[in-house]
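Understanding the architecture of this molecule
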Amino acid sequence: MNNHGSIRYGDTTITYEVIRSERRKKTIHTKVRLDSVRVLAPARTSDQELEDLVQKQAPWILKKRQVLADRPPPKRFVTGDTMPYLGKDHLLVVDTDSFMRPWVRFEDGSFLFDAPPRMDEGERRELISNGFRDWYRQRAEQYLPEQVEYWLPFVASHREPRILIRDQKRRWASCSSDGTLRFNWRVIMLDPELIDYLVVHELTHLTVMNHSPAFWESMRFVMPDAKDRNKRLDQTSLSLPF
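Residues numbered from 1 in each chain as written. Predicted model: local features only at pLDDT ≥ 70, side-chain atom pairs only at ≥ 80, totals over all residues. Heavy atoms only, no water.

Some words on the overall build of the protein
Under the convention used in this document: Helix and strand definitions here come from DSSP, where helices need a minimum of 4 consecutive H or I residues and strands a minimum of 2 consecutive E residues; each element is numbered from the N-terminal end. Accessibility here uses a 1.4 Å probe with only protein chains present; expressed as a share of the type maximum, an area under 20% marks a residue as buried, one over 50% as exposed, and anything in between as partly exposed. With residues, only the protein chains shown are counted as cover, and all accessible areas are computed by Shrake-Rupley using a 1.4 Å probe. A residue counts as positive if it is Lys or Arg and as negative if it is Asp or Glu; His and the chain ends are not included. For this purpose, a charge sits on NZ of Lys, CZ of Arg, CG of Asp or CD of Glu.
Along its length, the protein carries 5 helices and 11 strands. Viewed in the frame of its principal axes, the protein has a C-alpha envelope of about 65 × 50 × 30 Å. Counting all 242 residues of the protein, 41% fall into the buried class. As displayed, the protein offers around 14500 Å² of accessible surface, 48% of which is attributable to carbon and sulfur atoms. Averaged over its 39 positive side-chain charges, the protein has a centre that lies 6 Å from the centre of its 35 negative ones.

Okay, here's the thing in structure tokens:
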């Protein structure tokens, strides 16, 4: 059952949509978008409880909206754009003069993309966007297993886990109960310190499958600044393409 509510915070009215579910047993989750706020709640949660929660979260909701409003515009995938790789922005040059096949090259700190000379702007943007998705994924498939291999002895005594690179829309990474680690290919755009944080985070889940105090204690033992890296990850993710 869905319904709507609103609260006042200072001079601002925050309107929100409530989405109740029988499958959701305990947790209440608030999703903030630039033009909407959704509260996902167990079916029996009262309207008053949800209103109180939104009122309490109002400063965070407004801050999150401001962060979303300040996000950079979408990439146009033209010469002069920059594309992130391992935490740094690199110049993109689109070359239509020596076209043989569409592909991404990374040379001398810049991205080069060979594109067909006769193609409208929308088609070229989609072609280059897809090319970068493939390139990033290939690099992630090379880079992440090496980092897992490096950090595994520090974190767990398990056998080497299975590693999969996936196109995950809402997660950077995950660890399943069978020990499989799944990483979002977008991870390769991040600073290496943040990639290491994600690797250690998921490897820690091999022994602690939740985010209890025991989990964070294990994280801090291996990576004392884990919480700081987690905050940096939240801030960085909003500025990345795709």
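Points about the packing of aromatic side chains
In plain terms, the rule: Pairing of aromatic rings covers Phe, Tyr and the six-membered ring of Trp, with a centre-to-centre limit of 6.5 Å; geometry is then stacked below 30 degrees between planes, edge-to-face above 60, and tilted otherwise. Only lysine NZ and arginine CZ atoms are considered, and such an atom sits over a ring when it is within 6 Å of the ring centre and within 35 degrees of the ring normal.
Going through the model one piece at a time under the given rule, you end up with 18 aromatic pairs. Each ring, one from Phe77 and one from Phe242, has its centre 6.0 Å from the other, and the planes form 35 degrees; the classification is tilted. On the criterion of sequence distance, the pair formed by Phe77 in the loop between α1 (47-69) and β5 (82-85) and Phe242 in the segment after α5 (226-237) is long-range, its members being 165 residues apart. A centroid spacing of 6.1 Å and a plane angle of 50 degrees characterise the contact between Phe106 and Trp135, whose relative ring orientation is tilted. Taken together, the residues Phe106 in strand β7 (residues 103-107) and Trp135 in helix α2 (residues 121-155) connect sequence positions 29 residues apart. Judged by relative accessible area, Trp135 falls into the buried class, the value being 4%. Through successive ring pairs, a cluster of aromatic residues spans Phe77, Tyr85, Phe106, Phe111, Phe132, Trp135, Tyr136, Trp185 and Phe242. Taking the ring centre of Trp103 as reference, the NZ or CZ of Arg101 above it sits at 4.7 Å. Over the aromatic face of Trp216 sits the side chain of Lys227, whose NZ or CZ is 4.7 Å from the ring centroid.

A word on the environment of Met209
The residue Met209 is located in the loop between α3 (192-204) and α4 (213-222) in this model. Classification of Met209 as partly exposed rests on a relative accessible area of 47%. Linking Met209 and Arg33, residues 176 residues apart in sequence, is a C-alpha distance of 29 Å.

Concerning the pairing of strand β6 (residues 88-95)
Note the threshold: DSSP-based pairing: two strands are paired if at least 2 bridges between them are found.
Inspection of the sheet shows β5 paired to β6 by 4 bridges, in the antiparallel sense. By the bridge assignment, Pro84 is partnered in β6 with Asp89. Between β5 and β6, which pair antiparallel in sequence order, lie 2 residues; one of them, Leu86, sits at a positive phi of approximately 50 degrees. Pairing of β6 with strand β8 (residues 110-114) involves 4 bridges; the strand directions are parallel. Bridge pairing links Asp95 to Asp114 in β8.

Here we look at unusual backbone geometry
Positive phi outside glycine occurs at Asp108, with the angle close to 50 degrees. Relative to the helices and strands, Asp108 is located in the loop between β7 and β8. Residue Asp108 is classed as exposed on the basis of its relative accessible area, which comes to 81%.

Describing the environment of Asp191
Where we set the bar: Residue contacts are defined here by distance: any two heavy atoms, one from each residue, within 4.5 Å place the two residues in contact. Contacts described as polar in this section are N or O atom pairs within 3.5 Å, which, within protein, must combine one atom able to donate a hydrogen with one able to accept it, while residues neighboring in sequence count only if both atoms come from side chains.
Position of Asp191 among the secondary structure elements: in the loop between β11 (181-184) and α3. Under the relative-accessibility criterion, Asp191 is labelled partly exposed at 27%. In this structure, the C-alpha to C-alpha distance between Asp191 and Asp89, residues 102 residues apart in sequence, is 10 Å. When sequence neighbours within four positions are dropped, the list of residues in contact with Asp191 reads Leu86, Gly87 and Arg232. Of note is the side chain of Asp191, whose polar atom sits 2.8 Å from the backbone nitrogen of Glu193.

Some thoughts on the sheet that holds strand β1 (residues 2-9)
How we decide: A fitted line through C-alpha atoms serves as each axis, taken over the contacting stretch for helices, and the angle formed by two N-to-C directions is quoted from 0 to 180°.
Taking strand neighbours across the sheet as the criterion, the 4 strands line up as β1-β2-β4-β3 in an open arrangement whose pairing is mixed. Bordering the open sheet on either side are β1 and β3 (29-33), each of which pairs with just one other strand. The sheet shows a mean angle of 25 degrees between the axes of neighbouring strands, direction not considered. Of the strand pairs in this sheet, β3 and strand β4 (residues 36-42) are connected by 5 bridges, and their pairing is antiparallel.

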